[in-house]
Amino acid sequence: MTISYNWLSEYLPEKMEPEKLSKILTSIGLEVESMEPYESLKGGLKGLVIGEVKTVEKHPDADKLSVTTVDTGETELLQIVCGAPNVAVGQKVVVAPVGTTIFPSSGDSITMKKAKIRGIESFGMICAEDEIGLSNDHAGILVLPANTKTGIAAAAHFQPYSDIIFEIGLTPNRMDAMSHLGVAKDVCAYLSHHNKKDTAIKSPFKNSFRSDNQRLPINVIVENREACPRYSGVSIQGVTIGQSPEWLQQKLQAIGLRPINNIVDITNFILHETGQPLHAFDADKISGGKVVVRNLPEGTVFQTLDEKERKLFAEDLMICDSEKGMCIAGVYGGLSSGVTSATKNIFLESAWFNPSVIRKTAVKHGLRTDAAARFEKGVDISNTVNVLKRAALLIKEFAGGEIASEVIDIYPNPNAKNEVTLKYHYLKKLSGKNYHGDTIKQILTALGFEVLKEGLDDIRVSVPYSKPDITIAADIVEEIMRIDGLDNIDIPPTISISPAVETLARSAAYKEKAASYLAAQGFNEIFTNSITNAAYYTEAELALTVKMINSLSADLNVMRPAMMETGLETVAYNLNRRNSDLRLFEFGKTYATTETGKYSEQQHLSIYITGSKSGDGWNAKAEKADFYYAKGLCDRLISLLGLKASRYSASENSKLENSVTAFVNNEPVATFGNVTKKTLAKFDIKQNVFFIDIDWDKVMALSEKKSIQFTGIPKFPAATRDLSIVVAKNLHYDEVEKITQKSRLEKLKAVKLFDVFESDKLGKEKKALAINFTFQDEEKTLTDKDIDSMMEKISSLYEKELGAEIRK
């Protein structure tokens, strides 16, 4: 929520320092996340002064330059070399002396320095409009009226608008603070409590409203009263569409809104002043002089202000005339009924729409407007007419015209206020603080609550319409604690806690271990959205996918059934910004439903590798990541978690080429390979991406069964032997490892493939594998005879089981 300091201060009884106001806002639960200066002209024209040109002479060494002297109110004239063709004696100009920083309309800032231009010293600059950010005009220097006072600051002459902008971290239940007036009411309640005197806001509402005539009556019919309990409107005739007054444009620009025209700007101003959205219709485009609030048939095509045609849902509430839809109620206007430069007569709407109806419509159509954001949280139903009258008076003042109807207010069943009883002992229990009854009454009264009954140990109040979220006693406690100041919550001298058993400590420790290892290897951790796009997945995958009933947008409509796709979005994002060497990892969950309708979650460690695995160095070139790099990384991570991969086997995976699954104790724990081109094409990725998916839940379950064992450092040396075998070309190395394990040699400590060789000399469809074996005995030094005996056994197994030929 964006709040303007100047704007907010207009409603406070006295202006206070921004820093003090920021502390008050944070103390009452409106946390100020940032406080930034705003300037309509960047730099605020600081350092610039108004000067008078005293002399102008041609530069002796440049035809297009002039040497001037300028009076800036100092004791000495400034000599300035100027290139503008329109400079002349007697002109009043804007001067940037040495040391001043200017902020041009385009480009970077420039700080003035003493300079020599073609041999002539220059002590500043005479400025054009674009050089100080006033416009894009660079036809010549800016010449001011002759009566402009010399020596005054340019800021004093132009009076650029400056402000302080608060960004407030508004919680979803604080719809009453979604406006400058709402925030001002909270600040005044705080001041009333802490200054021990009643402090009220400066109300912008006046009692001067009256209709000028009845020449433009509009008949309003509300068919769906459940979705629209209250609808107010008024007609204004003879308006002139034009620019808004400067003060209004400045206010809107300060909070990040673009001024459009006086009518639209006034409705936006009212929205941010009071929190009540308004909508202005071109009254001449309302067929039959009738406004009907109703639902249109499913599939009705409606063109919105953004010129898009949208198919309506049956639940969408519409503002219609006698023939057609004009506006999606509370969400977005229609193209054919909006205010244009030719508009002369308007019908102004101020209504209260059912929050759930507005929320559903906004989400279904992907229209997140300022109006929808307020309606879906609940606006003040009692304020529609007051706000309408204020807006009508502003339009009459700044767009001309006459109020051409009485205020229409259809509110057949007025809402009753919520009533809540607060027990004082309950207040103490939740707040930890004793509040006097008078203090409680004073705080609640300042917030707009009406005291219905006071007892010795309780108080019953009616809740203002602006706070529809307050329904129970705990909500009242929150209001009292906020205004007393969340910084004033007492901290007890002792705190009693119950010891808890941490069930996830082991998993967290292993996550830290794995993350530290990957970070040391140059990987970056990412966090992706677990809500993703169903378009990424096949129908078979979506069969058991968790679908969002009330999705945030059309692109975020399912809980991810797999980790790959959300990570590839991040890969694509980086590749599109020329970051082509990526090593990323993520701890995340996937989600699924069972055939019985139950939900399940599964934790994963997913790794994404593309481009080079190392950068260029002075003594080495960058190396591209490959399949074996991914395999080695997977193996190392499994070992790091206290497990040992018993085997690696080729597996079927529609999204991975060369898919391999790692097994621990015959349990599949990880899958890796390079992502298929078909999958990469969905994300417009054109380079190879390797993906590793580790089933974290399964790894944790296996690691819990594994006990940590320690062995002493061997006293006797290890011995190694190499063996080269010729096998069938289609034989996978994991078959060799399986056969090696069959030898059951306790003294065989390690087996490693270190070379693969293919040649026609070996025979058709043949290849040679060079394997290194490490042997060690913990009780003695192995002899050649011992080692040869074990190598003979291994060779025999290879010949018998694999049909291998032993190369001598």
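These numbers were taken from a predicted model, which means no experiment stands behind them. (Residues numbered from 1 in each chain as written. Predicted model: local features only at pLDDT ≥ 70, side-chain atom pairs only at ≥ 80, totals over all residues. Heavy atoms only, no water.)

1. Considering the overall build of the chain
Let me state the cut-off plainly: Here a helix means four or more residues in a row that DSSP labels H or I, a strand means two or more in a row labelled E, and each is numbered from the N terminus. Our radius of gyration looks at C-alpha atoms and nothing else; its globule reference is 2.2 Å times the residue count to the power 0.38. Burial classes: relative accessible area under 20% of the type maximum marks a residue as buried, over 50% as exposed, and values in between as partly exposed (1.4 Å probe, protein chains only). Any two residues whose heavy atoms approach within 4.5 Å are treated as being in contact. The accessible surface values rely on the Shrake-Rupley method and a 1.4 Å probe; as for residues, cover is taken only from the protein chains in view. By the counting rule applied here, Lys and Arg register as positive and Asp and Glu as negative, while His and the ends of each chain are not counted. The atom standing in for a charge is NZ when the residue is Lys, CZ when it is Arg, CG when it is Asp and CD when it is Glu.
In terms of regular secondary structure, the chain is built from 20 helices and 43 strands. At 38 Å, the chain has a C-alpha radius of gyration far larger than the 28 Å of a compact globule built from 808 residues. The principal-axis extent of the C-alpha atoms belonging to the chain is close to 115 × 90 × 65 Å. Per-residue burial for the chain yields a buried fraction of 49% across its 808 residues. Within the chain, counting contacts between residues at least 6 apart in sequence, those at least 24 apart form 69% of the total. Carbon together with sulfur atoms contributes 49% to the accessible area of the chain, which is approximately 42,000 Å² in total. Charged side chains of the chain number 97 positive and 106 negative; the gap between the two group centres comes to 3 Å.

2. Observations concerning the pairing of strand E5 (residues 78-82)
The line we're drawing: The criterion for strand pairing is that DSSP finds at least two bridges linking the strands in question.
Summarising burial for E5: 4 of the 5 residues are buried, a large majority. Direction of pairing for strand E4 (residues 66-71) relative to E5: antiparallel, over a ladder of 5 bridges. Bridge pairing in E5 links Val70 to Leu78. Counting the residues in the hairpin turn of E4 and E5 gives 6 residues, including Gly73, whose phi is positive at 90 degrees.

3. Remarks on the sheet that holds strand E38 (residues 667-675)
Here 7 strands make up an open sheet; going across it, the order is E29-E32-E33-E39-E38-E37-E36 and the pairing mixed. The open sheet has two free edges, formed respectively by strand E29 (524-525) and strand E36 (647-650), since each of these has just one partner strand. Here strand E32 (residues 582-593) runs beside strand E33 (residues 599-610); their pairing, made up of 12 bridges, is antiparallel. Paired with Tyr591 across the two strands is Glu601, which belongs to E33.

4. Focus: the pattern of salt bridges
Heads up, the condition is: Salt bridge, as used here, is a side-chain nitrogen of Lys or Arg placed within 4 Å of a carboxyl oxygen of Asp or Glu.
Evaluated as defined, the whole model comprises 36 salt bridges. Arg390 is the partner of Glu273 in a salt bridge, and the nearest nitrogen-oxygen pair spans 2.7 Å. Of this pair, Glu273 sits in helix H6 (residues 262-274) while Arg390 sits in helix H9 (residues 384-399), and the two are 117 residues apart along the sequence. Comparing Glu273 with Arg390, the two get one shared label, buried.

5. Overview of the sheet that holds strand E42 (residues 766-775)
The test is simple: Axis definition: a line fitted to C-alpha atoms, over the contacting stretch in the case of helices. Angles run 0 to 180 degrees between N-to-C directions.
Ordered by their spatial adjacency, 4 strands build an open sheet running E41-E42-E40-E43, and the pairing between neighbours is antiparallel. Each edge of the open sheet carries a strand with a single partner, namely strand E41 (748-757) and strand E43 (805-807). Across the sheet, the axes of successive neighbouring strands diverge by a mean angle of 30 degrees, strand direction being ignored. As judged from the 10 bridges shared by strand E40 (residues 719-728) and E42, these two strands associate in the antiparallel manner. Among the inter-strand pairings, Asp722 is bridged to a residue of E42, identified as Asn772. In the packing of helix H19 (residues 733-742) onto the sheet, contacts are made with E41 and E42, and the angle to E41 comes to roughly 150 degrees. The strands that helix H20 (residues 784-802) touches are E40, E41, E42 and E43; relative to E40, the one it contacts most, it runs at about 15 degrees.

6. Describing the packing of aromatic side chains
The test is simple: The pairing test for Phe, Tyr and Trp rings, Trp by its six-membered ring, is centres within 6.5 Å, and the orientation test on the planes gives stacked under 30 degrees, edge-to-face over 60, and tilted for anything in between. Consider the ring centre and the ring normal. A charge sits over the ring if Lys NZ or Arg CZ is within 6 Å of that centre and within 35 degrees of that normal.
In this structure the tally under the stated criterion is 15 aromatic pairs. Pairing Tyr536 with Phe683 gives two aromatic rings, centres 4.8 Å apart and planes at 40 degrees, and the pair type is tilted. Taken together, the residues Tyr536 in the loop between strand E30 (531-532) and helix H14 (539-542) and Phe683 in the loop between helix H17 (677-681) and strand E39 (689-695) connect sequence positions 147 residues apart. Across this residue pair, the class does not change: Tyr536 and Phe683 are buried. Ring geometry for Phe627 and Phe672: centres 5.5 Å apart, planes at 45 degrees, overall tilted. Taken together, the residues Phe627 in helix H16 (residues 627-640) and Phe672 in strand E38 connect sequence positions 45 residues apart. Across the pair, Phe672 and Phe627 agree in class, each one buried. Linked through ring pairs, Trp7, Trp247, Phe269 and Phe398 together constitute an aromatic cluster. The residue whose ring lies beneath Lys364 is Phe313, and the NZ or CZ to ring-centre distance is 5.0 Å.

7. Details of unusual backbone geometry
Residues other than glycine seldom take positive phi values, yet Gln159 does so here, at roughly 50 degrees. Structurally, the position occupied by Gln159 is in the loop between helix H3 (154-158) and strand E13 (162-169).

8. Here's the deal with empty space enclosed by the protein
Gaps between atoms show up when a probe of the same size as a water molecule is rolled over them. Selection criterion: Buriedness for pockets is judged along seven lines, at least five of which must meet protein on both sides within 12 Å for an open set on the 1 Å grid over protein atoms alone, while cavities are sets there where a 1.4 Å probe fits but cannot get out, and lining residues have an atom within 4 Å of a point. Grid points are joined across faces, edges and corners, and a volume is the space filled by probe spheres set on the points. Each residue receives one of three labels: charged for Asp, Glu, Lys and Arg, nonpolar for Ala, Val, Leu, Ile, Met, Phe, Trp, Tyr, Cys and Pro, and polar for the others, Gly being one of them.
Tallied over the full model, the rule gives 1 cavity of 30 Å³ or more. For the lining of the largest cavity, the residue count by class is 3 nonpolar, 3 polar and 2 charged.

9. Let's talk about the nonpolar core
Basically, it comes down to this: Residues belong to a common nonpolar core when they are buried Ala, Val, Leu, Ile, Met, Phe, Trp, Tyr or Cys residues joined through side-chain atoms within 4.5 Å.
Formed by 69 residues in total, the largest nonpolar core has its most connected members in Leu21, Leu25, Val187, Ile395, Ile476 and Ile480. With 8 residues, the single largest contributor to this core is helix H4 (residues 180-195). Leu296, Leu312, Ile328 and Val379 belong to the second largest nonpolar core, which has 38 residues in total.

10. Let's talk about the side chain of Thr384
This is how the line gets drawn: In protein, a polar contact requires one atom able to donate a hydrogen and another able to accept it; more generally it is a pair of N or O atoms within 3.5 Å, and residues adjacent in sequence count only if both atoms are side-chain atoms.
The topology assignment puts Thr384 in helix H9. For Thr384, a relative accessible area of 0% corresponds to the buried category. A polar contact is formed between the side chain of Thr384 and the side chain of Arg230, at a distance of 3.2 Å. Once residues lying within four places of it in the same chain are set aside, the contact partners of Thr384 are Arg230, Ser232, Gln276, Ser350, Ala351, Trp352 and Asp409.

11. Quick look at the layout of surface pockets
Each pocket or cavity is described by its volume, and for the largest pocket that value is around 1,800 Å³. Surrounding the largest pocket, 44 residues form its lining, Lys631, Tyr648, Tyr733, Asp734 and Glu737 being those nearest its centre. When residues of the lining of the largest pocket are traced back to their parent elements, those giving at least two are H16, E36, strand E37 (656-664), helix H18 (696-705), H19, E41 and E42. Considered class by class, the residues forming the lining of the largest pocket number 20 nonpolar, 11 polar and 13 charged. The computed volume of the second largest pocket comes to approximately 740 Å³. What lines the second largest pocket is a set of 31 residues, and nearest its centre among them are Val264, Asn268, Leu278, His279 and Leu305. When residues of the lining of the second largest pocket are assigned to their parent elements, the largest contribution, 5 residues, is made by H6. By residue class, the composition of the lining of the second largest pocket is 18 nonpolar, 9 polar and 4 charged.

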